[in-house]
Every structure is written in C-alpha cells, then in structure tokens.
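Given next are the chains, with one letter for each unit.
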Amino acid sequence: MTNRLKVHPIIIPTSLGKLETINFYLVERDDELILIDAGENRDTHFQALINKLKELNKDLSDLKAILLTHHHSDHTGLVNRIRSKVELPVFAHKRAGVRLKRDEAYFKRRIHFFKNLYDKHGCGEKGAERVLQLEQSFEKGKDDALAGPLTYFNDGDFLYGFKVISVPGHSPDQVIFYDEREKVAFVGDHFIKHSPSNAIYDLLEDGSTFHSLMVYEQSLKKLLNIDIRLAYAGHGEAITDVKDILNHKLDRIEQKGRRILGELTEAMTAMQLAEKMYQGRLNSPILFALIMSELIGHLERLEHFDFVKKLSVRDMLMYERMK
C-alpha cells in the first residue's frame, strides 16, 4: 500500500513586503524524500533545512529530488548550495530554463522590452530608474545561475506522485504540484492567503509578451474545478478554504477594474493613472514595477472587455473610458 504523504514545512519569517514568511517543504512518501522549492540563498535558510532534516533523522544525501514551483529567487536560492554537496535532479517548468540559467541573450531582450514598455506608457524617469535596476540586477545575479542540469516538465506530467498543473500568472512558469488522492497541493505563489499574488507582466522566452493578469485570472478559474483540501503556499499559512480564497482573488480583480474605471476620468497614460492612484509609493523601483505591471494588466483587461479604448498619442499609449 502507498504510504501517506508526510509534509514537513520549513517556515522562515521575512520582512519582505507583506509576505510574512518564506516557506519550502520536505515531503515524504513511498520512502522517498523530496524538497519542494528551496528558499533563499541565505545561511539561515540552509541551516533551517539542515535542522529539519536532523529532526527527521535524515541528511542531504537522503534527498531524491528538488521540485520548483517557479523560478523566483526566494524559491530557488538553495539549489546550488545543496547540489554542491549532493548530486540530485532538479525539476522545473520548461519556461523557467532561460531564467534559472540567467541566459544573457534573454535578459538583454527582457531589459530592452521593459525600456520600450515604460517609454510607451509614459513612465519617464521612474521607468529609466527601473531599467537601470534591471541592468544592475542582471550583472549582480550572474553568479546565481543554477549550475548543473535541469529536468523540465510539462502541464499534466506526474512527478513523485504529484500531478503538475500549469497555472501561469504570477510568473509564466508557475505550477502547482497536486496529490490527487490526498487532495493536497503545493501552490508556490499562485495564491497566498493573506497577500496578493502579483500577476507580473513579462517577456516570454520566445519574444512574445506575457499578458499576466488575464492569464492569471484564467489560472484562478482553472483551479476552481480541482478539489484541493489543503494548499501549502510559498508564503504565510497553509490554506484550507481554497475555493473561498480563489473566489476572493477573482472578486478583487473585478473590484480593482471598477476602481480603475472610476479613476479614468479623462484619457491618461498608465503612468498618469499610477500617479493619481498611488502617488508616493512609486518612489521605490520595485514597487513601481509591481504597480505598473498591475495597472497595465488591468488596462489591457478592460480594453479586452470593451470598457476602455487605447489611443496612440505622440508615440505613447493613452486609455480612456468607453462612453
């Protein structure tokens, strides 16, 4: 008989935004031990992993694999450190490859993409500051490229008893790992109980645009049809009221769309709208990037549903409410 799933959370407090904690998970089943996500590349995170293994009378050599829900650094940080000590496979979505490997050609295209995006949405100096930060971040992050081979999975694959379900939105490569028998899912940042999961506008590896918000909305609806009893998220507490949380996040998208329509009293660029709605919060390049990602996503969604129309004025995009 198949052993029941045993989940051993590694939960580390963080001061990063509203995230509260960074979570990754040791999971036991069928006498196999896997790691789902891998925290940040910090001594405290590595020691927390070692301590949890000791509690289980295990060590790194007992790990069979690492499964990654998506490529963000607070979910992948310990991979190189672990693999410098033990040899084991790392599984990720095929879209994560260029990001995890810090592919220079892709990142240069991505920086150029955001420069053009911010220019056409009227972002001026704030956009230029964010582009400079992206350039600096790439240079600093070259050493963070994942070493060694990656094994890529696709939507619908099965790994160590989990079904891979692709749920792009927070990132293009975001997946959940779902145990169909126990109705347990490891959801990364697809949804978090206490905090929004930002739908991050981005450039795909094939050069096309990732229209994150509309894709995210569809991914939320997709999970409404899946029976999840318990969800382990990348941040905050485990979630038992999954459908309520999913419906709440879908309602929030509708509410934010209505708020944006209410603020759109005349034709505006996305930057003008951001200044009207968020004012001083735009001073942080990271907050600026998240705010612009959200607003551009919402404006595209509202245009898709014929609530706003897009105008081109002096090489910039402006949006106005439909009459």
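Numbering of residues starts from 1 in every chain and runs along the sequence as written. The predicted nature of this model means local features are confined to residues of pLDDT at least 70 and side-chain atom pairs, given and counted, to a pLDDT of 80 or more, with totals for whole chains, interfaces and linings taken over all residues. The basis for the side-chain values is all heavy atoms of the structure; hydrogens and waters are excluded.

**Focus: the overall build of the protein chain**
Part 1 of the reasoning: Think of it this way: any DSSP run of H or I at least four residues long counts as a helix, any run of E at least two long counts as a strand, and we number them from the N terminus. The number of helices and strands found in the protein chain is 10 helices and 15 strands.
Part 2 of the reasoning: The globule rule is 2.2 Å times the number of residues to the power 0.38, and the radius of gyration it is compared with is taken over C-alpha atoms. Whereas a compact globule of 323 residues would reach a radius of gyration of roughly 20 Å, the protein chain reaches 20 Å, a difference of no more than 12%.
Part 3 of the reasoning: The dimensions of the protein chain, computed from C-alpha atoms along their principal axes, are 65 × 40 × 35 Å.
Part 4 of the reasoning: Burial status across the protein chain gives 52% buried among its 323 residues. Accessible area is worked out with a 1.4 Å probe on protein chains only. A residue is then buried under 20% of its type maximum, exposed over 50%, and partly exposed in between.

**Some words on the pattern of salt bridges**
Part 1 of the reasoning: We define a salt bridge as a side-chain nitrogen of Lys or Arg found within 4 Å of a carboxyl oxygen belonging to Asp or Glu. Inspection of the entire model under this criterion finds 21 salt bridges.
Part 2 of the reasoning: Residue Lys52 pairs with Glu55 through a salt bridge whose shortest N-O separation is 3.5 Å. With Lys52 and Glu55 both in helix α1 (residues 43-55), this residue pair falls three residues apart, about one helical turn.
Part 3 of the reasoning: What makes Glu55 exposed here is its relative accessible area of 57%.
Part 4 of the reasoning: Here Lys115 makes a salt bridge to Asp119, at a shortest N to O gap of 3.0 Å. Placement of the pair is Lys115 and Asp119 together in helix α5 (residues 104-120), with a separation of four residues, close to one helical turn.
Part 5 of the reasoning: Within this structure, Arg4, Arg181 and Glu182 form a network of salt bridges that share partners.

**A short note on the sheet that holds strand β9 (residues 175-179)**
Part 1 of the reasoning: Two strands make a pair as long as DSSP finds a minimum of two bridges between them. Strand order in the open sheet formed by five strands is β7-β8-β9-β10-β13, with mixed pairing between adjacent strands. The open sheet has two free edges, formed respectively by β7 (158-159) and β13 (230-233), since each of these has just one partner strand.
Part 2 of the reasoning: Here strand β8 (residues 162-166) pairs with β9 via four bridges, running antiparallel. Its bridge partner being in β9, Val164 is matched across the sheet by Phe177.

**Let's talk about the packing of aromatic side chains**
How two aromatic rings sit relative to each other is set out by the distance from centre to centre and by the angle between their planes.
Part 1 of the reasoning: Stacked, edge-to-face and tilted are the three classes for Phe, Tyr and Trp ring pairs, Trp counted by its six-membered ring, which pair at centre distances within 6.5 Å; planes under 30 degrees apart are stacked, over 60 edge-to-face, the rest tilted. This structure, assessed with the given rule, holds 12 aromatic pairs.
Part 2 of the reasoning: Ring geometry for Phe113 versus Tyr201: centroids 6.3 Å apart, planes at 15 degrees, classification stacked. Remark: Tyr201 occurs in the loop between β10 (184-188) and β11 (202-203) and Phe113 occurs in helix α5; sequence separation between them is 88 residues. The pair Phe113 / Tyr201 is uniform in exposure class, with both members buried.
Part 3 of the reasoning: One aromatic cluster is present, formed by Phe113, Phe114, Tyr118, Tyr201 and Phe288 through successive ring pairs.
Part 4 of the reasoning: Note on criteria: charge over ring means Lys NZ or Arg CZ within 6 Å of the ring centre, with the direction from the centre no more than 35 degrees off the ring normal. If you follow Arg102 out to its NZ or CZ, it ends over the ring of Phe107, 4.4 Å from the centre.
Part 5 of the reasoning: Above the face of the Tyr278 ring, Arg259 is positioned so that its terminal group lies 5.9 Å from the ring centre.

**Points about the environment of Ala267**
Part 1 of the reasoning: Tracing the chain through its elements places Ala267 in the loop between α8 (242-263) and α9 (270-278).
Part 2 of the reasoning: What makes Ala267 partly exposed here is its relative accessible area of 27%.
Part 3 of the reasoning: A contact between two residues is defined here by any heavy atoms of the two lying within 4.5 Å. Residues in contact with Ala267, not counting those within four places in the same chain, are Gln272, Leu311, Met318, Tyr319 and Glu320.

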